[in-house]
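# Structural description and commentary
Spelled out from the first residue to the last, the chains are:
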Amino acid sequence: MSDKPREQTAFMSLVAGLRTQGLQAELRGSPERQERLYPYTPTIPVDAEIEINGVPGFVDHTVVPSPQEDPRRVATHDTVAHELICRLEGLAAQAPGGGLWLSISAGPWLGARKREREGLYDRVVAMASKAVARGKPFVDLRDLPHGPFPLPTIGFCEPPDADHRVTIGFNDQVVGWSGRISAEGRWTCTVSQLRLSIGRAIEGKLKKQLARVRAVEPDKPIGLLLDSRPMPGGKGKPEPVFDLPVIVLRALLTEIARDWPGVLTKAWLLSPQGLASVYGEGDGFTW
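Attention in this report is confined to the structure presented alongside it. (Residues numbered from 1 in each chain as written. Predicted model: local features only at pLDDT ≥ 70, side-chain atom pairs only at ≥ 80, totals over all residues. Heavy atoms only, no water.)

## Concerning the overall build of the protein
Secondary structure assignment for the protein yields six helices and eleven strands. Among the 287 residues that make up the protein, the fraction classed as buried is 43%. Within the protein, contacts between residues separated by at least 24 positions form 66% of all contacts whose residues are at least 6 apart in sequence. Approximately 15500 Å² of the protein is accessible, and the part contributed by carbon and sulfur atoms is 52%. (Helix = DSSP H or I, 4+ residues; strand = E, 2+ residues; numbered from the N terminus. Buried < 20%, exposed > 50% of the residue type's maximum accessible area, 1.4 Å probe, protein only. Contact = heavy atoms within 4.5 Å. Areas by Shrake-Rupley, 256 points an atom, 1.4 Å probe, with all protein chains shown as cover.)

## Concerning the packing of aromatic side chains
As enumerated under the stated definition, the model contains three aromatic pairs in all. With 6.2 Å between their ring centres and 75° between their planes, Tyr40 and Phe58 make a pair best called edge-to-face. Here Tyr40, found in the loop between strand 1 (25-29) and strand 2 (48-52), pairs with Phe58, found in strand 3 (residues 55-63); they are 18 residues apart in sequence, far enough to count as distant. The same class applies to Tyr40 and to Phe58, which are both buried. (Phe/Tyr/Trp six-rings, centres within 6.5 Å; stacked < 30°, edge-to-face > 60°.)

## Some points on the sheet that holds strand 10 (residues 266-271)
Spatially, the six strands line up as an open sheet ordered 1-2-3-9-10-11, and their pairing is mixed. Every other strand in the sheet has two partners, leaving strand 1 and strand 11 (274-279) as the edge strands with one partner each. Between one strand axis and the next, the sheet turns by 30° as a mean value, whatever way the strands run. The sheet contact formed by strand 10 and strand 11 spans five bridges and is antiparallel. Directly across from Leu269, in strand 11, lies its bridge partner Ala276. Across the face of the sheet, helix 5 (residues 198-216) comes into contact with strand 3 and strand 9 (222-227) while running at roughly 150° to strand 9. (Pairing = 2+ DSSP bridges. Axes fitted to C-alpha atoms, helices over the stretch in contact; angles between N-to-C directions.)

Don't take any of this as a statement about function, it's just geometry.
Here is the structure:
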């Protein structure tokens, strides 16, 4: 198996999750890293072989990547989050529940001069102070930055610990989906924006890596384990993963797999909420 902690824990969680569903599941090995155990030349590019209810199949692991963004906007997100967390930590301790969460746009800070940036920070701190003083979530509609930006909102939360009292969320990421209830009473999603961003990385797995595995093993089940758990990456920073709702990811996988028929048998999502089936026959967890 891989020596990467995320990948190791992902396959352990997959096997444990399948067993929780009442299935017999066993991790048998890794074709990519245990070449002598698998008679393929060249080596097939797949992370693991897993047996489910007596049927062995191959499974590859990948993270659900964050949408590709303008590097300037990403850098602005980092700077604004750092500044606001530092300026609001003391105030957050006085908030109901002992913590603050903010949903803001980085747009007003993009290209702003130092004095303008300081003014924006001051306005957000003032809004947070009013929210804490009133004891209820707050949006100041009379004092917003000019421009087509989403409204900033401030609310309260219980922090995980005393060192993480402020949570910052940015509401201007260029990604989205829409959904509706069909005449048959089914929920359907439109995932065109996701297909161009997050879906591009997932589709790359099917059309390159897993298509090569299918060419060698035309009848064996092939699965994809999608991982959206927040975990530390290099230098202690979180990896850029994206936690999508199961119903949205299921619609995205269905659309992608339709364009690459016969490659994928099953897909699961491993998220902070646990293990879910996002592609395959019905909603079951087996092949």
